[in-house]
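What the coordinates show
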Amino acid sequence: MTASSRSEVTPKVAWLLAATFVVAVAGLIYELIAATISSYLIGDSIRQFSFVIGVFLSAMGLGAYLSRFVGDALGGFVRAQIALGVFGGASGPVLFFAYAWSGSVGLPLYGLLIIIGVLSGMEIPLITRVLKQIGAAEFRFENVLTADYIGALAASLAFPLLIIPNLSLIAASLAFGVLNLLVAGFSLWLFRDRLGRSLWLPWAGFLGLALIGLAASDRLVSAIDARLFEDDVILSEQTPYQAITITRFDERIRLFLDQSIQFDTLDEHRYHEALVHPAMGLAPRRSDVLILGGGDGMALREVLRHDDVETVTLVDLDPRVTELFATNPALTPLNRNAFNDPRVTVVNADAWAFIAEDTAIYDVIIADLPDPKTIAVSKLYSIEFYAMLVERLSAQGLFVTQAGSPTFARQAFWTIEATLAATRNPQAPGAGLATLPYHVYVPSFGDWGFVIAGPMGLTDRTPVLPENLRFLTPGVWQAARVFGLDTAPLQAEVNSIQGHPLVPLYHAGWNHWFR
């Protein structure tokens, strides 16, 4: 090869290696977006991530095999980038619109995953062939793989740290669709002597559509929210931890996290009074209180009704939730500005990590945590977590957790009770914790259950209730202790991080009623 030809080839080689890095980033981002959307809309994040990764990697293998049938490697690479820009860029809007209009996302999810995976799998074989065809001096296949793997690392770091905090999932997919199309466009220009002009028009058309979609991504999100939620959406944000949506109809406000309702101002008082006041009213002391979850401040509001409370520590994973309910003028009245009470300390951390590192002792611990739909949440309902948590209780302290519905997920409810009953009692070696299950009706949720547990025996006495409650009375408390024949206790195994039986029991119960 002459010096002039080498000088011509060198920038093309550099670009193809750079393109390998860029397309690797885009491909992994599409995979992460699909896994995130499926975990939001379907639940069970570990299962969904596992399925998505498996299908995507298998499709990439199929794409690598199919690349051998592409006669023109350079043209095939550019066409693959255009197709990735179209299908990858459209993946976010398509999946959300499919769910909003049909309530199902499985078919488009795995259909898009296969298409995107096949196209992504073709990239490295095609780039490798192009590099050989253009006579790249000292071509080494490992250079291509290195660029690809570094791109995967960059994507895995950028997704949680940069992309999710700053872009909606719809905007993210469209943005990386534009990126794939720009790779195709620059390749068309750089190799214009080999490719001709036939691809310029479709490329320009798809790029224009992708840019329009990206510019209108906020409107697309609003349109989907309007379809998903009955009321006006007054706030919709994607945080590194979850999708936050707040709706309003007249004076009625509802909070949704990952499309699951967390409270409705028409009836949240039923849930929060039932969660907080039985344990607070039965505890001999309630000077120091710990709340796990409850970033909306509603449970905190109820705790602060008790005048003898001296300190409250609230631990919630998502700082954006606590910030909203501490500062937003439309939301702070809902919790009576509880976050600004001088007795309150907010810690934004994972509940497991906090309990594992904390050394304080509490008189009452309240778990206002999400339902155990996923293994990630199920660990907060495990015997291992409860064993750590009970070490943070005073000798006569009490713990209470929301435990789901004894009607809709009966076996799951009694599994949580059985797990607490099996948890090691630090005050009585060889024994488990004393438990007290109860349930109330909350219109937004249905029949909803709770379990109080502690190292000391729990009597049948009526809890001391603060004044001016809207729902809970001594009579309601007595009725809450009664379970009908179809909600009565069942034999249940202990939930452990070694097996997580709670997750399939939870889903089996709800699917039985609402599939």
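The coordinates are above.
What counts, and at which threshold
Residues numbered from 1 in each chain as written. Predicted model: local features only at pLDDT ≥ 70, side-chain atom pairs only at ≥ 80, totals over all residues. Heavy atoms only, no water. Helix = DSSP H or I, 4+ residues; strand = E, 2+ residues; numbered from the N terminus. Buried < 20%, exposed > 50% of the residue type's maximum accessible area, 1.4 Å probe, protein only. Contact = heavy atoms within 4.5 Å. Areas by Shrake-Rupley, 256 points an atom, 1.4 Å probe, with all protein chains shown as cover. Lys, Arg positive; Asp, Glu negative; His and termini not counted. Charge placed at Lys NZ, Arg CZ, Asp CG, Glu CD. 1 Å grid on protein atoms, 1.4 Å probe; cavity = no way out; pocket = protein on both sides within 12 Å on 5 of 7 lines; lining within 4 Å. Points joined across faces, edges and corners; volume = space filled by probe spheres on them. Nonpolar A, V, L, I, M, F, W, Y, C, P; charged D, E, K, R; others polar. Phe/Tyr/Trp six-rings, centres within 6.5 Å; stacked < 30°, edge-to-face > 60°. Lys NZ or Arg CZ within 6 Å of the ring centre and 35° of its normal. Pairing = 2+ DSSP bridges.

**Topic: the overall build of the chain**
Within the chain, the regular secondary structure consists of 18 helices and eleven strands. By principal-axis analysis of the C-alpha atoms, the chain measures approximately 95 × 50 × 45 Å. Going through the 515 residues of the chain one by one, you find that 54% of them count as buried. By sequence separation, contacts in the chain at least 24 residues apart represent 73% of the contacts at least 6 residues apart. Split by element, the accessible area of the chain, about 22000 Å² in all, is 60% carbon and sulfur. One way to put it: in the chain the 33 positive side-chain charges average out to a point 8 Å from where the 46 negative ones average out.

**Observations regarding empty space enclosed by the protein**
Evaluation of the coordinates by the stated rule reveals two cavities of 30 Å³ or more. In this structure, the largest cavity occupies an estimated 50 Å³ of space. Where the lining of the largest cavity is concerned, the elements lending two or more residues are α1 (3-42), α3 (73-102) and α4 (106-133). It is helix α15 (residues 383-390) that contributes the most residues to the lining of the second largest cavity, three residues altogether. For the lining of the second largest cavity, the class distribution of residues is seven nonpolar, no polar and no charged.

**Details of the packing of aromatic side chains**
Enumeration over the complete set of coordinates arrives at 23 aromatic pairs. With a centroid separation of 5.0 Å and an interplanar angle of 45°, the aromatic rings of F408 and W510 are classed as tilted. Residue F408 is found in the loop between β9 (393-402) and α16 (410-422), and its partner W510 is found in helix α18 (residues 502-514); the two are separated by 102 residues along the sequence. A single burial state applies to F408 and to W510, both of which are buried. With a centroid separation of 6.1 Å and an interplanar angle of 45°, the aromatic rings of Y506 and W510 are classed as tilted. With Y506 and W510 both in helix α18 and four residues apart, this pair spans about one turn of that helix. Taken together through their ring pairs, the aromatic side chains of Y271, F408, Y438, F445, W448, F450, W477, Y506, W510, W513 and F514 make up a single cluster. Sitting over the ring of W189, R192 keeps its end group 4.5 Å from the ring centre.

**Overview of the environment of V118**
Tracing the backbone shows V118 in helix α4. In this structure V118 comes out as buried when scored by relative accessible area, which is 14%. When the C-alpha positions of V118 and A64 are compared, they lie 7.3 Å apart, and in sequence the two are 54 residues distant. Among all residues touching V118, those that are not within four sequence positions of it are A59, M60, L62, G63 and L66.

**What to know about the environment of I115**
Following the sequence through the fold, I115 ends up in helix α4. Along the chain, I115 and G509 lie 394 residues apart, while their C-alpha atoms are 34 Å from each other.

**Some details on the pairing of strand β11 (residues 446-454)**
Within β11, nine of the nine residues are buried, which leaves it mostly tucked inside the rest of the structure. Direction of pairing for β9 relative to β11: antiparallel, over a ladder of four bridges. Among the inter-strand pairings, Q402 is bridged to a residue of β11, identified as F450. The hairpin turn running from strand β10 (residues 434-442) into β11, its antiparallel successor, is three residues long.

**Some thoughts on the layout of surface pockets**
In this structure, the second largest pocket encloses a volume near 410 Å³. Around the second largest pocket sit 24 residues that line it, and S168, V221, S236, E237 and Q238 are the ones nearest its centre. Elements represented by at least two residues in the lining of the second largest pocket include exactly α5 (141-166), α6 (169-190), α9 (217-228), β1 (232-238) and β2 (243-249). Of the residues belonging to the lining of the second largest pocket, the class tally is 13 nonpolar, eight polar and three charged.

**With respect to the side chain of S187**
As for its position among the elements, S187 is in helix α6. Here S187 is in contact with W15, F77, V78 and L195, once residues within four sequence places are set aside.

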